[in-house]
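Residue-level structural notes
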Amino acid sequence: MPETIDWPPRTRLRGPRRVFLFFLALLAIVVLTGRTIISWWVDRLWFNSLGYESVFWKTWGLEWGTFAVFAALTFAILYGAMLALRHAHSADLPDHYTVFFAGRPIALPVGRALHFAAAAVALLVALVTGAAMQSEWPTLALFRHAPASAGNGTDPIFGRPLNFYLFTLPAWQLIAGWLLTLAILVCVAAAILLLISGGTRALDRYSSSVSTGGVWRGVSIAFGFLLLTLALHEYIGRFELLLEHHTIFDGVDYTGAHVTLIGMLFVSVALLLGAGIAIGGGVLRPDGRWLVAAVLPAIVCYVVAGVFGWYVNTFLVKPNQLDRERPYIAYNIAMTRRAYGLDWFSQREFPAETTPGAADPGNNQATLENIRLWDVQALQDTLRQVQEIRTYYDFPDIDIDRYTIGGSLREVMLATRELNVDKLPESSRNWINDKLIYTHGYGITMNPVNGFTPEGLPTLYLSNMPVQSTVPELEVTRPEIYFGEMTDTDVYVKTRQQEFNYPEGQSNNLNSYSGTGGIVLGGFMRRALIAFDRGDITKVPFSDDITPQSRLLMRRDVRDRVAALAPFLTFDRDPYMVVGEDGRLYWMMDAFTSSDTYPYSVHTSVNGQSLNYMRNSVKAVIDAYDGTTTFYVFDSADPILAAWRSIYPGLFHDAAAMPALLRKHVRYPELLLSLQAEVYGLYHMTDPEVFYNREDQWTVATQTGLSDQGEQAAQAMEPNFVLMKLPGEAGLEFVEILPFTPINRNNMIGWIAARSDGEHYGTAVVYDFPKTRLVDGPQQIEARIDQNAQLSGQLTLWNQQGSHVRRGSLLVIPCGKALLYAEPIYLQAERSPMPELRLVVLALQDRLAYGPNFETALASLFGSAASSLTATEASAQVPVAAGPAQTATNVNALIAQANRDFADYQQLTSEGKLTEAGQKLDDLKRMLNELSAHTK
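Let me begin by describing the structure that accompanies this report.

Conventions adopted
- Residues numbered from 1 in each chain as written.
- Predicted model: local features only at pLDDT ≥ 70, side-chain atom pairs only at ≥ 80, totals over all residues.
- Heavy atoms only, no water.
- Helix = DSSP H or I, 4+ residues; strand = E, 2+ residues; numbered from the N terminus.
- Contact = heavy atoms within 4.5 Å.
- Areas by Shrake-Rupley, 256 points an atom, 1.4 Å probe, with all protein chains shown as cover.
- Polar contact = N/O pair within 3.5 Å; in protein donor to acceptor, adjacent residues only side chain to side chain.
- Phe/Tyr/Trp six-rings, centres within 6.5 Å; stacked < 30°, edge-to-face > 60°.
- Lys NZ or Arg CZ within 6 Å of the ring centre and 35° of its normal.
- Buried < 20%, exposed > 50% of the residue type's maximum accessible area, 1.4 Å probe, protein only.
- Pairing = 2+ DSSP bridges.
- Core = buried A, V, L, I, M, F, W, Y, C linked by side-chain atoms within 4.5 Å.
- Arc of directions from axis to C-beta.
- Axes fitted to C-alpha atoms, helices over the stretch in contact; angles between N-to-C directions.
- Parallel < 35°, antiparallel > 145°, perpendicular 65-115°, else oblique.
- Nonpolar A, V, L, I, M, F, W, Y, C, P; charged D, E, K, R; others polar.
- Patch = residues over 30% accessible without salt bridge, like charges linked within 9 Å, V, L, I, M, F, W, Y side chains within 5 Å.
- Salt bridge = Lys/Arg side-chain N within 4 Å of Asp/Glu carboxyl O.

Helix and strand content of the protein chain: 25 helices and 38 strands. Residue pairs in contact within the protein chain that sit at least 24 positions apart in sequence constitute 67% of those at least 6 positions apart. Counting every atom, the protein chain has about 42,000 Å² of accessible surface; 57% of that belongs to carbon and sulfur.

Here you go:
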């Protein structure tokens, strides 16, 4: 007989050794999980410092509750299934498995080894599954807290409410995937036991004869469980067809509605039947042939449905595709417009007339006074030269907003002066400077969008350090910026060290933080734990500058801050600064809810995330001084946000609670308009036949700009904020506009204006242009600028004199019944990073004018003697009937004026004043045209 080995070994531990091993295991757990526990504790302190401790505990409970439930269920199902399989195979398994070691047979106890392996495998899989499901807690939380209704309407195929697709279907998909994984693992375990039981009978020479009746019982039952989960998957897959993408449209098509859905239902029923066959056969008469019989009904149904679907699609749909697919295209159009909020768009006709009178400049003075001439990049480069003051300051972004100045609403540009510690001199880089002294940025700049000094610099309303205001309506009383876009490091405030505030002559202005934001460091032990988590363990506990009242400011990047508080929302990556009437600075960010399971809606991608439903439901406001973060609800009808409000009742506030000083600066999100414009280009076609043929597909207009490689290339235009009077409206509005062109064409076909003010907030107006004539698009206006002989000559000359020309963004602005195009042109010396405005180009459909400033260009475009008038237009203004004496006098006067113009042109050219010289040359041409008319 072979020697029997007890395995796994049973070792009896004595008292002292047991205690030692217990503390050793406890120490190992602390070492392995200590940092995680400390980080968790510091996170709790951070949430508590913001007044959101309930949010922290709720999230923690949802995450770890999900982990615990699915880990426990996974372990119970797997371990129970493996024990049941072992019991089913007990008659086929030997008591021992014989191996040979050093020529001696050794018998290993099979039962105990399998029991141990089952427990170990089940535990490992349970932990992995629990961790995987833990990351899916938002799906399960939304399912549990789904509102009673997600608005009016149901899907057009199954008649299910939208709640089912937004909340129930994702949870079903998640649970079905989990069950399928378990079923596969159970089948693998059953197959392994089958191999072991068969292998032992063949290899164990010392085993007694074994029974063969239960070999297939466990395999059959496990296979039946697998078929059950596949039936569930097939049933759920029917609803997923409403999310499917086709070449022409999204959702269920004709073949899917009439064949595939029915076929999938039959396959699901066949899988249920197969599960019954497998389980019943395994219980009554275990045999491998039952497994084949179990899958045959499903295979037959699948093949029949596939063949029938191919026949319908080939012989019924493709020859008559438009007629067959028409209702399903209509479903896709209607549901997509609802999912992206396109049903909030209104459409109006815009004549896009070409004459100067159609622009009606007299009645659109407010629009003309707010045309943006400062290009964002040009202004940023200029501010970095004249307002950074020190090299360690930077202006990371330029924001556009509207403020009441001098009793009038004006469009302005704001830039936040943030501190970049990476730009500190290398000799100044140490822990005290980085963490205790250089803790914050300081102040902002504000300038009108078209304001220039005689030197070509921006006219600043707010500037310098300390902040100086040139208008009484604006005052900044709390200019320190502890939270911003570049504040990506931790700092410690309320220490014994004075903080650097701003440079002041040969010395520095210092201050100490007086806000309530941040985590109080407290006593030594608390301080040491916080420092350990933040990587400052060798500094903070032993620093004489740190006191119990000192505070840690962490997550100071406003984007990281809001994402940590509400990770289930999608945030616009471009926060913008608001100067409050209380003198404080605030960051405002747009937040969105989204889903990828909205029925019959087309899928798009935002920041790498696939979705087919989006709402701008929340505005987040962050105080730049103390970091206070508040979320305001701006779309209470959004069902997804309603579910999150049910989960986190203390996180969100109604829009009515937003202070008026902030509410007046709310704007339509750029991210949302860009997404809606992309979808609207196709889904503005509401007629299925037009949609099918793509007869009127639009795309966002393009303009020439610098690519990432520094080369001129066509780029899609970005939304532009404009303060203007919309056609057909009486008041001035802050709108976000974007022009459209037909796909693969350069002429304009329409433009969209997203509204931000008052009762119109969140709506948009689309203006359709006449389709019977050509309306120039941005690329065509750019070409007209390049083809203007005088203008292109000047640009070429400037590019050859140790400088280069920078062309700003081309703006397309509706004015009256016409379109006004405006482009600033800057000249930048090669050795100077600061551009200077040299020309403003204005254009209508049929004329183009330019000048050294906006006023000159505007007068040239609309004035009666504008330099941009064509020869035909100029000659038309000369009297036709005149006597001989008067004609001679007129001719002599014109010759004298032409001589003066020519002399002025030569002098201005020699002085390098090319803009003025170009205007004189145009005047000379006009005089010569008039002379020609008089001498005929």
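Before going further, it helps to examine the side chain of Q703. Turning to its location among the elements, Q703 is positioned in strand 28 (residues 702-706). Polar side-chain contacts of Q703 include one of 3.1 Å to the backbone nitrogen of L810. Here Q703 is in contact with A713, A714, Q715, M717, P778, Q779, S809 and L810, once residues within four sequence places are set aside.

Tallied over the entire structure, the rule returns 51 aromatic pairs. Over the face of the ring belonging to F532 we find R35, whose NZ or CZ atom lies 4.9 Å from the ring centre. Positioned above the aromatic ring of Y576 is the side chain of R667, whose terminal nitrogen or guanidinium carbon lies 3.8 Å from the ring centre.

For strand 7 (residues 408-416), the tally of buried residues reaches seven of nine residues, placing the bulk of the element in the interior. With eight bridges connecting them, strand 6 (residues 398-405) and strand 7 associate as antiparallel partners. Following the sheet pairing, T404 is matched in strand 7 by L409. In textbook terms, the turn of a hairpin is the stretch between consecutive antiparallel strands, and for strand 6 and strand 7 this stretch comprises two residues, one of which, G406, has a positive phi near 60 degrees.

Turning next to the nonpolar core. Grouped together as the largest cluster of nonpolar side chains are 153 residues, with contacts concentrated most on F631 and F652. The leading source of residues in this core is helix 18 (residues 670-683), at nine residues. Contacts of F631, omitting those with residues within four sequence positions, involve Y52, V562, L565, A566, F571, V618, K619, A620, L651, F652 and H653. By size, the runner-up hydrophobic cluster in this structure holds 38 residues, among which are L78, M82, L180 and A294.

Now for helix 15 (residues 558-565). Restricting attention to buried positions, one finds in helix 15 the residues V558, R559, R561, V562 and L565. An end-on view of helix 15 places all buried positions within 160 degrees of arc, on one side of the element. Regarding helix 15, its N-cap is D557, as a side-chain oxygen of that residue lies 2.9 Å from the backbone nitrogen of R559 further along.

Contact pair helix 4 (residues 137-144) / helix 16 (residues 639-647): the axes reach a minimum separation of 9 Å and the direction vectors enclose 90 degrees. Of the possible angle classes, the one that applies to helix 4 and helix 16 is roughly perpendicular. Of the residues in helix 16, those in contact with W137, P138, A141 and L142 of helix 4 are I640, A643, W644 and I647. For the contact of helix 4 with helix 16, a count of residues per class yields eight nonpolar, no polar and no charged.

A cluster of nonpolar side chains, contributed by V292, L296, I299, Y302, V303 and V307, occupies part of the molecular surface with about 590 Å² of accessible area. Inspection of the secondary structure puts I299 in helix 8 (residues 289-317).

Turning our eyes to something else, we now look at the pattern of salt bridges. In the structure shown here, the tally under the stated rule is 29 salt bridges. Between E729 and R348 there is a salt bridge; the shortest N-O distance is 2.9 Å. Of this pair, E729 sits in the loop between strand 30 (720-725) and strand 31 (732-742) while R348 sits in strand 4 (residues 345-349), and the two are 381 residues apart along the sequence. On the accessibility criterion, R348 (27% relative accessible area) is partly exposed. Residue K423 is joined to D394 by a salt bridge in which the shortest nitrogen-to-oxygen separation is 3.6 Å. Linking K423 in the loop between strand 8 (418-419) and helix 13 (431-437) with D394 in strand 5 (residues 393-394), this pair joins segments that are 29 residues apart in sequence. Several salt bridges share partner residues, and in doing so they unite R348, E729, E733 and R755 into one network.

Purely geometric stuff here, so don't read any function into it on its own.
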